[in-house]
Amino acid sequence: MTSRAHDTNGRAATGAKQFLDDAVEGLTSSPKRLPAKYFYDERGSALFDRICELEEYYLTRTELAIMQRHAPEIAAAIGRRCLLIEPGSGSSEKVRLLLEHLSEPAGYVPVDISKEHMTHSAAAVGTEFPELYVVPVHADFCQDFDVPIVPGSMRRVVYFPGSTIGNLVPDEAASWLRRMARVAGPGGGLLIGVDLTKSVSVLEAAYNDRDGVTRDFNLNVLLRLRNELEADVRVEQFEHRARFNRDEGRIEMHLISKVPQEIRLDHTIVELEAGETIHTENSYKYGQEQFRVLAATAGWQRVACWTDEDDYFSVQYFEAA
């Protein structure tokens, strides 16, 4: 294995100052909000890995089943000697299944905001695929990041599983898809997981698990405020809530203040009333045609779409014009 860390400097890697600026801006907005990307320190990444194993969280097992059933077709669509780029790589679990079926992959570039978690995961992939050129990139994948040059690659393919695209509002999603079209280049590919519209009861159960793992994941952003930015925040005085917003077609995650209270952050005092919320995450759900049209506006042409038998989830493959 060839593996080395690649940090794309202060433009892309998110540091404490950016975290502080984003937190102050979000908490002084109306309604209050915190960016979902700040769930993901090492603890948050580990919690999300646990979420993916929950019974209620259908997304991961359904996507894996689609990948297992259709991996040869997916690999054939991607072609040989690709450089596989995975924004938000996390544990890099799903990419292993894909790498097993790809024809002579030139390299693998995991991109993640959680440097420690990504480094461990990339090392594990390198151990499992010793001939693979693995170059981790520490960066916020919602910003521009540099892709290392990997010898022998014939095309770039962006792999974006897990329906993470649903965390972006449609305008942001279109902008991100355009950025990935530039990353892939003409003739490049995009293999993406897209969660589909379905029963509200199924959706809300997936984000309100009985074990409280999603609750802990949501609260982790407040722990990071306290531990990394020295905020005066009483985490125990907040509770987790996730609900489906029918008008917007999305699951929303919120932190609800149980009591009237203040968050003191740097030189800013944020007042919250009892019952007031901090909006932390969206997860949009799409119809197949709806997402095809969205991707087309960003320069992607859909080549194939694979779903499970219940049409809960889809894995879609696009090529850049």
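Details of the structure are given in the entry above.
Here is what the cut-offs are and how they apply
- Residues numbered from 1 in each chain as written.
- Predicted model: local features only at pLDDT ≥ 70, side-chain atom pairs only at ≥ 80, totals over all residues.
- Heavy atoms only, no water.
- Buried < 20%, exposed > 50% of the residue type's maximum accessible area, 1.4 Å probe, protein only.
- Helix = DSSP H or I, 4+ residues; strand = E, 2+ residues; numbered from the N terminus.
- Arc of directions from axis to C-beta.
- Contact = heavy atoms within 4.5 Å.
- Salt bridge = Lys/Arg side-chain N within 4 Å of Asp/Glu carboxyl O.
- Pairing = 2+ DSSP bridges.
- Axes fitted to C-alpha atoms, helices over the stretch in contact; angles between N-to-C directions.
- Parallel < 35°, antiparallel > 145°, perpendicular 65-115°, else oblique.
- Left-handed = near helix turned anticlockwise from the far one by under 90°.
- Nonpolar A, V, L, I, M, F, W, Y, C, P; charged D, E, K, R; others polar.
- Core = buried A, V, L, I, M, F, W, Y, C linked by side-chain atoms within 4.5 Å.

A. Inspection of helix 10 (residues 288–297) at higher detail. Those residues of helix 10 not exposed but buried are F291, L294 and A295. All buried residues of helix 10 fall inside an arc of 95° around its axis, so they share one side. The inward-facing, buried residues of helix 10 contact helix 7 (170–184), strand 9 (189–195), strand 15 (300–307) and strand 16 (313–320). After helix 10 finishes, the residue G299 shows a positive phi value of roughly 95°.

B. Quick look at the pattern of salt bridges. Under the counting rule described, the total for this entry stands at 22 salt bridges. Among the ionic pairs, K37 bridges to D22, the shortest N-O distance being 3.9 Å. Residue K37 is found in the loop between strand 3 (32–33) and helix 3 (42–51), and its partner D22 is found in helix 2 (residues 16–27); the two are separated by 15 residues along the sequence. Taken together, the shared-partner salt bridges connect D22, K37 and D140 into one network.

C. Up close: the sheet that holds strand 11 (residues 250–257). Within the open sheet, the 4 strands sit side by side as 3-14-11-10. Their pairing is mixed. A strand with exactly one partner marks an edge of an open sheet, and here the two such strands are strand 3 and strand 10 (238–245). Two elements, strand 10 and strand 11, share 8 bridges in a ladder whose sense is antiparallel. Counted as the bridge partner of R241 is H254 from strand 11.

D. Inspection of the packing of helix 5 (residues 93–101) against helix 6 (residues 115–128) at higher detail. At their nearest, the axes of helix 5 and helix 6 sit 11 Å apart, and the two run at 25° to each other. Taken together, the axes of helix 5 and helix 6 lie roughly parallel to each other. Between helix 5 and helix 6 lies a crossing of right-handed hand. Contacts between helix 5 and helix 6 involve V95, R96, L99 and E100 from the first element and S121, A124, V125 and E128 from the second. Of the residues contributing to the contact of helix 5 with helix 6, the split by class is 4 nonpolar, 1 polar and 3 charged.

E. Summary view of the pairing of strand 16. For strand 16, a buried count of 7 out of 8 residues is recorded, marking the element as mostly surrounded by other parts of the structure. Bridge count for strand 9 against strand 16 is 7 bridges, and the pairing is antiparallel. Note on strand 16: the bridge partner recorded for D195 is F313. Across 7 bridges, strand 15 lies against strand 16 in antiparallel orientation. Bridging from a neighbouring strand, A304 pairs with Y317 of strand 16. Counting the residues in the hairpin turn of strand 15 and strand 16 gives 5 residues, including D311, whose phi is positive at 55°.

F. Seen up close, unusual backbone geometry. Cis geometry marks the peptide bond from S30 to P31; its omega dihedral reads 0°. Even without glycine at this site, R81 takes up a positive phi of about 60°. Mapping R81 onto the fold places it in the loop between helix 4 (58–78) and strand 4 (82–87).

G. Summary view of the nonpolar core. Of all hydrophobic cores here, the largest spans 65 residues; its most connected members are I78, L84, L98, L191, L222, L225 and F238. Broken down by element, the residue count for this core peaks at 8 residues, all from helix 9 (residues 213–229). Look past the residues within four positions of F238 in its chain and what remains in contact with it is L219, L222, V233, L255, I256, S257, K258, Q261, I263, L272 and I278. The next biggest cluster of nonpolar side chains, apart from the first, holds 37 residues, and it includes V109, Y133, V137 and F141.

H. Fine view of the pairing of strand 11. Burial within strand 11 is extensive, with 8 of its 8 residues counted as buried. In strand 11, alternate side chains face the same way, and those of R250, E252, H254 and I256 on one face and I251, M253, L255 and S257 on the other are all buried. In sequence, strand 10 turns back onto strand 11 through a hairpin of 4 residues, with G249 there showing a positive phi of about 70°. Across 7 bridges, the pairing between strand 11 and strand 14 (residues 277–284) is antiparallel. Within strand 14, the position partnered with L255 by the bridge is I278.

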